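# Structure at a glance
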Amino acid sequence: MEAVEAARRNNARLYNAQVINSSGLLLNSATPIAQIIEEEKKAALKLLEKEFSGIEYYNKQMIICVESPKKALYFELPEVYKIDLIYISATGKRRLERMLVGSTTDYVVNNAPCDVMVVR
């Protein structure tokens, strides 16, 4: 993982963020929104724990937030955590999908207040 190696080289804190898309939650569901959010957070925590379990690095932190991914990644997380480099994966969306809904990666690259490294 490139981000881990960059953190090691620079003795930097490594954040691994899972953003739960608040606009994608089932608001028309009979299930209370608080319960849906809690279930999504538990699933996100399991994913982060799985990803972090293989990372041998002392200075790492997991972040889970419920927000628009674009807003969280280009504004809130860099501001709150004083992030100076974002590693983000290239999306798997096809060209038509990107045109219709927009790419989070493209948005972050063009709007983040810090450097952004796109990895595949």
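Now for a look at the structure at hand. Since this is a predicted model, take the numbers as computed values, not measurements.

## Section: the nonpolar core
Formed by Val19, Ile63, Cys65, Ala72, Leu73, Leu77, Ile83, Ile86, Ile88, Val108, Ala112 and Cys114, the largest nonpolar core amounts to 12 residues. At the level of secondary structure, the elements contributing two or more residues to this core comprise β2 (60–67), α3 (69–81) and β3 (85–89). A total of 3 residues in this core trace back to one element, the largest contributor, which is α3. Filtering out sequence-adjacent residues up to four positions away, Val19 remains in contact with Cys65, Glu67, Ser68, Pro69, Ala72, Leu73 and Leu77. Ala3, Val4, Ala7 and Tyr57 belong to the second-largest nonpolar core, a separate cluster that totals 7 residues.

## Comments concerning the pairing of β3
Residue alternation in β3 divides its side chains into a buried set, Ile86 and Ile88, and an unburied set, Leu85, Tyr87 and Ser89. Alignment of β3 against strand β4 (residues 115–119), held across 5 bridges, turns out to be parallel. Residue Ser89 lies in a different strand from β4, and its bridge partner there is Val119.

## As for the packing of aromatic side chains
As enumerated under the stated definition, the model contains 4 aromatic pairs in all. Each ring, one from Tyr15 and one from Tyr81, has its centre 5.0 Å from the other, and the planes form 55°; the classification is tilted. Here Tyr81 lies in helix α3 and Tyr15 lies in strand β1 (residues 14–21), a separation of 66 residues in the sequence. Residue Tyr15 is classed as partly exposed on the basis of its relative accessible area of 25%. Classification of Tyr81 as partly exposed rests on a relative accessible area of 26%. Judged by centre distance (5.1 Å) and plane angle (50°), the rings of Tyr57 and Tyr58 are tilted. Residue class for Tyr57 comes out buried when judged on its relative accessible area of 8%. Overall, the relative accessible area of 60% leaves Tyr58 in the exposed class.

## Describing helix α2 (residues 33–53)
Taking 1.5 Å of rise per residue, the 21 residues of α2 would be expected to cover 30 Å, and the 30 Å separating its terminal C-alpha atoms lies within 8% of that figure. Of all the residues in α2, the buried ones are Ile36, Ala44, Leu48 and Phe52. For α2, the angular spread of the buried residues around the axis is 130°, confining them to a single face. When the buried face of α2 is taken as reference, the exposed residues oriented beyond 90 degrees from it are Lys42, Lys46, Lys50 and Ser53. Against β1 and β2 lie the buried residues of α2.

## A few points about the side chain of Glu67
Mapped onto the elements of the fold, Glu67 is located in strand β2. The buried charged residue Glu67 lacks any salt bridge partner; its closest oppositely charged side chain belongs to Lys71, at an N-O distance of 4.4 Å. Apart from residues lying up to four places away in sequence, Glu67 is in contact with Val19, Ile20, Asn21, Ser22, Ala72 and Glu76.

Criteria and thresholds
- Residues numbered from 1 in each chain as written.
- Predicted model: local features only at pLDDT ≥ 70, side-chain atom pairs only at ≥ 80, totals over all residues.
- Heavy atoms only, no water.
- Core = buried A, V, L, I, M, F, W, Y, C linked by side-chain atoms within 4.5 Å.
- Buried < 20%, exposed > 50% of the residue type's maximum accessible area, 1.4 Å probe, protein only.
- Helix = DSSP H or I, 4+ residues; strand = E, 2+ residues; numbered from the N terminus.
- Contact = heavy atoms within 4.5 Å.
- Pairing = 2+ DSSP bridges.
- Phe/Tyr/Trp six-rings, centres within 6.5 Å; stacked < 30°, edge-to-face > 60°.
- Expected span 1.5 Å × (residues − 1).
- Arc of directions from axis to C-beta.
- Lys, Arg positive; Asp, Glu negative; His and termini not counted.
- Salt bridge = Lys/Arg side-chain N within 4 Å of Asp/Glu carboxyl O.

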